[in-house]
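Here's the letter readout for the chains.
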Amino acid sequence: MTKEEMTERIAKLKKEKSAVIFAHNYQIGEVQDMADYIGDSLELSQKAAQIKEKLIVFCGVHFMAETASILAPEKTVLIPEIKAGCPMANMINASQLRKWKKKYPEGKAVCYVNTTAEVKAECDICCTSSNAVKVVNSIDGDEILFAPDKNLAAYVARHTEKKIIPWDGYCYVHNNILARDIKEKKSLYPEAEVWVHPECRPEVIDLADKVVSTGKMVKEARKTKKNEIIIGTETGIIYRMKKENSEKDFYPARDMALCSNMKKINLKKVLRSLEKIIYRVEVPSEISRKARGAIEKMVEI
Ligand code: 13P
Ligand code: SF4
């Protein structure tokens, strides 16, 4: 089937089954072009709860589809590729978190949204890359167990008086962006600003003009008067930024900053997902209830 034929078939099935397609900002161009909604992990999960359609094809990684299912339990959430997981989200499991909490009985557990539903169910409150500092500062308690990203934990630690105890997790895509990559790009494009995701290493954060989530990067790209920006995150986001701001130039801080799991989804798999109604992402009701509590606490803040 050609790309055009697949696109047509997807559009027809979407109508017949009253489905919507969600795509995370890191998805490949052909998937973004087909999507009804593009966004960051939390934006999309919240959208899942707002829309009237009951069938969602979530093009992203597993924890994102799971979060959508937690916030919209009455809907069917599909992920087109079952192997599209987030390695960082799998760096801590519920039993490890329980043991860690026992070691620090006074500590409050804050879980990044990049965690499994089981881990969210065990934590005190959830956070995203855009609200982590605000969430931590809102907590009644001085000792914070922050999981799983040590880099985001280090970023938060710079913006709070509280004691941050980090889990030793990281995102390989962001951790592989080095200070020397930023310096090299800066020497090629001296007029460019540097925007990085808070999952980057502290020494990379030190070189940035802005430290922002993917959702915020997209919004800032529309607003900025700057015409050249070096982007320190997964390079898939540049497709959307360029499409929305064709007059501006966006340079990847590291050309190979690619999340291989995000790239596992393509048009063919979206079509298969709609045809066969696979792969359903379901969260057991008790875990879902507890995890939703941690997410709702964050949303209140
Ligand atoms: P956002 O929440 O900023 O979309 O980031 C998700 C992610 O996986 C970053 O690597
Ligand atoms: Fe996970 Fe990193 Fe991929 Fe985001 S970019 S989904 S944090 S591995």
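Figured I'd write up the structure that's included with this text. Nothing here was measured: the structure is a model prediction, and the numbers come from that model.

### Brief notes about helix α14 (residues 267-276)
Here's step 1: Turning to α14, its buried residues number three or more, namely L267, V270, L271, S273 and L274. All buried residues of α14 project into a common sector of 160 degrees when viewed along the axis, lining one side. Across α14 from its buried face, at more than 90 degrees, point the exposed residues K268 and K276.
Here's step 2: Tucked into the core, α14 has its buried residues touching α1 (3-17), β1 (19-24), α2 (29-34), β3 (55-59) and β4 (76-78).
Here's step 3: With its phi angle positive at about 55 degrees, I277 sits one or two positions after the end of α14.

### As for the site of ligand 1
Here's step 1: Taken together, H24, Y26, D40, S41, M64, N114, S129, H174, H197, E199, S213 and T214 make up all the residues around ligand 1.
Here's step 2: Within the side chain of Y26, a nitrogen or oxygen atom sits 3.3 Å from an oxygen atom of ligand 1.
Here's step 3: Within the side chain of N114, an N or O atom sits 3.2 Å from an oxygen atom of ligand 1.
Here's step 4: Expressed as a share of its isolated accessible area of 300 Å², the protein-covered part of ligand 1 is 95%.
Here's step 5: In terms of residue class, the shell around ligand 1 is made up of 2 nonpolar, 8 polar and 2 charged.

### Things to note about the packing of α1 against α14
Here's step 1: Running from amino to carboxyl end, α1 crosses α14 at an angle of 30 degrees, the nearest separation of the two axes being 10 Å. Comparing their axes, α14 and α1 come out roughly parallel. As for the relative orientation of α1 and α14, their crossing is left-handed in sense. Residues K3, M6, T7, R9, I10, L13, K14 and K17 of α1 pack against L267, K268, V270, L271, L274 and E275 of α14.

### Concerning the sheet that holds β1
Here's step 1: Pairing is parallel in the open sheet, where 4 strands are placed in the order β2-β1-β3-β4. Both edges of this open sheet fall to β2 (37-39) and β4, since each of them pairs with a single strand only. Averaged over all adjacent pairs, the angle separating strand axes in this sheet is 25 degrees, with direction ignored.
Here's step 2: Direction of pairing for β1 relative to β3: parallel, over a ladder of 5 bridges.

### Let's talk about the sheet that holds strand β8 (residues 163-166)
Here's step 1: Read from one edge to the other, the open sheet built from 4 strands follows the order β6-β5-β7-β8, with strand pairing classed as parallel. At either margin of the open sheet sits one strand with a lone partner, and together these are β6 (125-127) and β8. Each neighbouring strand pair of the sheet contributes to a mean axis angle of 30 degrees, computed without reference to strand direction.
Here's step 2: As paired elements, strand β7 (residues 143-147) and β8 share 4 bridges and run parallel to each other. Of the residues in β8, the one forming a bridge with F146 is P166.
Here's step 3: Strands β5 (108-112), β7 and β8 of the sheet are contacted by helix α5 (residues 94-103), whose axis makes an angle of about 165 degrees with β7.

### Some remarks on the pairing of β1
Here's step 1: With respect to burial, β1 is a largely interior element, 6 of its 6 residues being buried.
Here's step 2: By the alternation rule, side chains of β1 split into A19, I21 and A23 and V20, F22 and H24, which are all buried.
Here's step 3: With 3 bridges connecting them, β1 and β2 associate as parallel partners. Considered in β2, the bridge of F22 is made with Y37.
Here's step 4: Crossover handedness for the path β1 to α2 to β2: right-handed.

### Thoughts on the pattern of salt bridges
Here's step 1: Scanning the model with the defined rule gives 23 salt bridges in all.
Here's step 2: Where K3 meets E30, a salt bridge forms, and the shortest distance between an N and an O atom there is 3.9 Å. Of this pair, K3 sits in helix α1 while E30 sits in helix α2, and the two are 27 residues apart along the sequence.
Here's step 3: Taking relative accessible area as the criterion, E30 reaches 23% and is therefore assigned partly exposed.
Here's step 4: Note that E193 is salt-bridged to K210, the shortest N-O span being 3.8 Å. In this pair, E193 sits in strand β9 (residues 193-196) while K210 sits in strand β10 (residues 210-211), placing the two residues 17 residues apart along the sequence.

Parameters and conventions
- Residues numbered from 1 in each chain as written.
- Chains lettered and ligands numbered in written order.
- Predicted model: local features only at pLDDT ≥ 70, side-chain atom pairs only at ≥ 80, totals over all residues.
- Heavy atoms only, no water.
- Buried < 20%, exposed > 50% of the residue type's maximum accessible area, 1.4 Å probe, protein only.
- Helix = DSSP H or I, 4+ residues; strand = E, 2+ residues; numbered from the N terminus.
- Arc of directions from axis to C-beta.
- Contact = heavy atoms within 4.5 Å.
- Near = heavy atom within 4 Å.
- Polar contact = N/O pair within 3.5 Å; in protein donor to acceptor, adjacent residues only side chain to side chain.
- Areas by Shrake-Rupley, 256 points an atom, 1.4 Å probe, with all protein chains shown as cover.
- Nonpolar A, V, L, I, M, F, W, Y, C, P; charged D, E, K, R; others polar.
- Axes fitted to C-alpha atoms, helices over the stretch in contact; angles between N-to-C directions.
- Parallel < 35°, antiparallel > 145°, perpendicular 65-115°, else oblique.
- Left-handed = near helix turned anticlockwise from the far one by under 90°.
- Pairing = 2+ DSSP bridges.
- Right-handed = clockwise from strand over helix to strand, strands pointing away.
- Salt bridge = Lys/Arg side-chain N within 4 Å of Asp/Glu carboxyl O.

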